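Structural overview
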Amino acid sequence: MKRVLLWILGIVIVLGVAGAILLGRIDTQFVVNQIADATAKATGKPLVFASAPSLSLLPPGVKFGQAGWGEIKDGQGLAVSVKSGMVELELAPLLSGNLVVREVRLDNPVLEVREGKAVSGQDAPAAAPAAPPVSGAQAGAVAPSDELPVELMRLVVRQGEVRYVDARGVHLEIKDLNLSVENLRRREEAGMQCDFSFDLKEDQKAILAGNLALDAKLRYYAPHLTFRQISLTVTPLGGLLPKEAGPAQLVCEGALNLQTQSLRLATARLSTPQARLTLGGEATLTPQAFKGTVSLEGSPRKLAALTGQTLKPSDNDVLSFKSVLEYADDTLHLRQIVMQLDDIPVRGDLSLALGTPLAISGGIQTGMINLDKYLPLPQNGTSAAPSRKAAEGKAQGGASSGSSAQSARSVQSAQNRPGVNLRAALAGVRQGKLSVTDIAFILKGEKGRYTVTSLSCALGSGGSIKGSAVADLPSKAYSLKATAAGVNVGGLLEALGKGRPVDGVAALDADLSMRGADTKAMLAGLNGRGVLEVRNMHLEAMSALPQNVPGLTGKKGAVPDRFDLVRVPFTARNGEMTAQPITVSSAGLNASGRALASLPREYLDATADIKTLGMTIPVVAKGPFGNISYGVDPKFALDMARKLPGALLDGGKAAGGATRNGAEGAGGVMKKGLEGAGGLMRGLFGK
């Protein structure tokens, strides 16, 4: 037995020595030439080695130095080069006729692709007619075979580079590419790891730059491609995504059936420092469809910070979203929405038709929304007003020079505006002390023409509003019909930060329309009519009227400060508002008057006659909105002063004082009343 083993060992040694001698006698340059000829015949370009590769027997393999294939000529082409590399084979499978590659290693490979100029429309070949859509069963009737021409134990790429430039000027550069693939064998699970840095530009402008790392395990057992522990991490360093958005990591597991073109997604989770999105379900690739669940968790304030906005801090900084998701026939359905934004609950169902234009339908219910939490904090000592005015000035200047082009763009923009059919119910909206509760409306429309119907809400300070509205964005035309009842005037003015100079219960009935591209133009195009009534109105400044008005001095308490009814019917025509007759009625005082307000010129001209204690006191208010002068008609004050003995004895000195004090007293009443009414109207119409 010992002798047999010695013979076998001797034979192996002899074969090894013979193999080494045989390999030493092989003309490697001849092999290189044969490889070059073969690649040139197959691809049109030879594979060129800078030096002859070296062969080895144990293990069987080849090592090579600098090599390259292809070239870049006239700014276009494909070229591949490698600094060095090696290929080793498994000996045992080779003896049985099977080819198993133990390892392939490529050091510093470089792939460069440059595309030529884009083909013009005249020279471009005619596009082939689109193939009719096929079902998943037809598309995947035969799955690719899981047979492998070569089994690979390990592939290693170290410090590779990829350079790609297309005809449009898009430039992609990948550096420090490291790739490792292990156990690429039939029906077995293969592992892959890859990492590199990338820089994507277009016309020398940065689009996205960063680092990417991939770790995955894959197994193909026809027709199923199973993937698990997929981890893709992107760390942005510049471009469209700020650095704060990373690292972003996608983790997913599932299986793809290549025969039925169906996907089972066990889980897919995208995580960033600000939020986490999770998706799971089943999909078909042909036609495209999906049914599953989606959830989102994150921080609203961190997400806002990514867009450059700073929201006020909150103890409950929470964003949570869950929904059943269905997609088919280019329509996305979000059903059974359960959402929480800080302390605001949201429920509903939405459908989005993802065509052109987009169409949105469904219903939404929310809790109380406090806008103060979500309005950006003011910048340090800066104001947006100058920039807005400058932008408006530029827009007006540009409109005069390119009105026709702007009109064409407006029409095209209107065609692309989404279609909407939404029902909304909000528990309320609050900003500062102002709150509106029990808000409900229906929004419908398409192509920039929208209507709001069944609008109803309640004011937190007291009162209710109902109405409807129409917005025709292409024509820049808007209309509003509204009725308000039981409005607590004093409470509303306090909520608007105007104090409580006026109190009472108001009702409003208005039918208004306007047209224009900005606020100034819309005010100039205001038309319509309405009626404002205030019952049981209390005017705090009325207590000062008897102190200074001639003929009323010393009669404090005789002049009422509460009125049964104040009625103001008004009409608007091209921004010129007329209110007449304005009437005030109470047990001890009546008044009537008229007011003309020019919204384009921002000018007021109002007169009124106050009848009390057997006297008629004319008062006037006139001037620009920012500097309205109030007072008693000077002629009335002089006439009253002449009737007073004290005024005659003083030689007219008291007459002058009466005139001045009367103007100040009655003017103060008029001013307080107008300020209160102005605050009410600004509150109702958002001014």
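Residues numbered from 1 in each chain as written. Predicted model: local features only at pLDDT ≥ 70, side-chain atom pairs only at ≥ 80, totals over all residues. Heavy atoms only, no water.

1. Section: the overall build of the chain
Summing up its helical and strand segments, the chain has 13 helices and 34 strands in all. When burial is assessed residue by residue, the chain has 30% of its 687 residues classed as buried. When contacts within the chain are restricted to residue pairs at least 6 apart in sequence, long-range pairs at least 24 apart make up 47% of them. For the chain, the accessible area works out to roughly 39600 Å², and carbon and sulfur atoms hold 58% of it. (Helix = DSSP H or I, 4+ residues; strand = E, 2+ residues; numbered from the N terminus. Buried < 20%, exposed > 50% of the residue type's maximum accessible area, 1.4 Å probe, protein only. Contact = heavy atoms within 4.5 Å. Areas by Shrake-Rupley, 256 points an atom, 1.4 Å probe, with all protein chains shown as cover.)

2. As for the pairing of strand 6 (residues 84–89)
The pairing of strand 3 (residues 61–64) with strand 6 spans four bridges and is antiparallel. Bridge assignment links Phe64 to a residue of strand 6, and that residue is Gly85. Of the pairings in the sheet, the one linking strand 6 to strand 7 (residues 100–107) comprises six bridges and is antiparallel in character. Each bridged residue has a counterpart across the sheet, and for Leu89 the counterpart in strand 7 is Val101. (Pairing = 2+ DSSP bridges.)

3. A closer look at the environment of Ala216
Mapped onto the elements of the fold, Ala216 is located in strand 12 (residues 205–221). The class of Ala216 is buried, set by a relative accessible area of 3%. In this structure the C-alpha to C-alpha distance between Ala216 and Phe227, which are eleven residues apart in sequence, comes to 7.3 Å. Setting aside residues up to four positions removed in sequence, Ala216 forms contacts with Ala190, Gly191, Met192, Arg228, Gln229 and Ile230.

4. As for the nonpolar core
Where a protein is soluble and globular, its nonpolar side chains tend to be buried together. Formed by 49 residues in total, the largest nonpolar core has its most connected members in Met537, Phe563, Val566 and Leu604. When residues no more than four places from it in sequence are discounted, the contact partners of Met537 are Val502, Asp503, Gly504, Asp561, Arg562, Phe563 and Val566. Core analysis: the next-biggest nonpolar cluster, separate from the first, contains ten residues, Leu325, Ile337, Leu350 and Leu352 among them. (Core = buried A, V, L, I, M, F, W, Y, C linked by side-chain atoms within 4.5 Å.)

5. A closer look at the side chain of Gln274
Residue placement: Gln274 occurs in the loop between strand 15 (262–271) and strand 16 (275–284). Residue Gln274 is classed as buried on the basis of its relative accessible area of 9%. A polar side-chain atom of Gln274 sits 2.7 Å from the main-chain carbonyl oxygen of Glu244. Those residues in contact with Gln274, other than ones at most four positions away along the chain, are Glu244, Ala245, Gly298, Ser299, Lys302, Leu303 and Leu306. (Polar contact = N/O pair within 3.5 Å; in protein donor to acceptor, adjacent residues only side chain to side chain.)

6. A few points about the confidence of the model for the chain
On average, residues of the chain carry a pLDDT of 81, and 75% of them reach 70 or more. The secondary structure element of the chain with the lowest average pLDDT is helix 12 (residues 645–649), at 42, and the one with the highest is strand 17 (residues 289–298), at 97. In this model residues 4–26 is a low-confidence stretch, pLDDT under 50, and it forms eight contacts with partners more than four residues away in sequence or in other chains. Every residue in residues 645–687 scores below 50 in pLDDT, and together they form 72 contacts with partners more than four places removed in sequence or on other chains. (pLDDT = per-residue confidence, 0-100.)

7. With respect to the packing of aromatic side chains
Counted by the stated rule, this structure contains two aromatic pairs. Where Phe196 meets Phe198, the ring centres are 6.5 Å apart and the plane angle is 70 degrees; that geometry is what we call edge-to-face. (Phe/Tyr/Trp six-rings, centres within 6.5 Å; stacked < 30°, edge-to-face > 60°.)

8. Regarding the pattern of salt bridges
Inspection of every chain in the model, using the stated rule, returns 27 salt bridges. Across the pair Arg154 and Glu103 runs a salt bridge whose closest N-O atoms are separated by 3.9 Å. Of the two residues, Arg154 is situated in strand 9 (residues 151–165) and Glu103 in strand 7; the sequence distance between them amounts to 51 residues. Overall, Glu103 belongs to the buried group, its relative accessible area being 15%. Among the charged side chains, a salt-bridge network with shared partners connects Glu112, Arg114, Glu161 and Arg163. (Salt bridge = Lys/Arg side-chain N within 4 Å of Asp/Glu carboxyl O.)

9. Notes on unusual backbone geometry
The step from Ala222 to Pro223 runs through a cis peptide bond, and the omega angle for that step is 5 degrees. The topology assignment puts Pro223 in the loop between strand 12 and strand 13 (224–239). Residue Pro287 is reached from Thr286 by a cis peptide bond, and omega for that bond is -5 degrees. Along the chain, Pro287 falls in the loop between strand 16 and strand 17. In this structure, Gln261 is a non-glycine residue whose phi angle is positive, near 55 degrees.

10. Structural notes on the side chain of Arg301
Here Arg301 is to be found in helix 5 (residues 300–306). When its relative accessible area of 12% is taken as the criterion, Arg301 is described as buried. A distance of 2.8 Å separates the side chain of Arg301 from the side chain of Asp317, its partner in a polar contact. In contact with Arg301, other than residues within four places in its own chain, are Leu311, Lys312, Pro313, Ser314, Asp317, Asp342, Lys373 and Tyr374.

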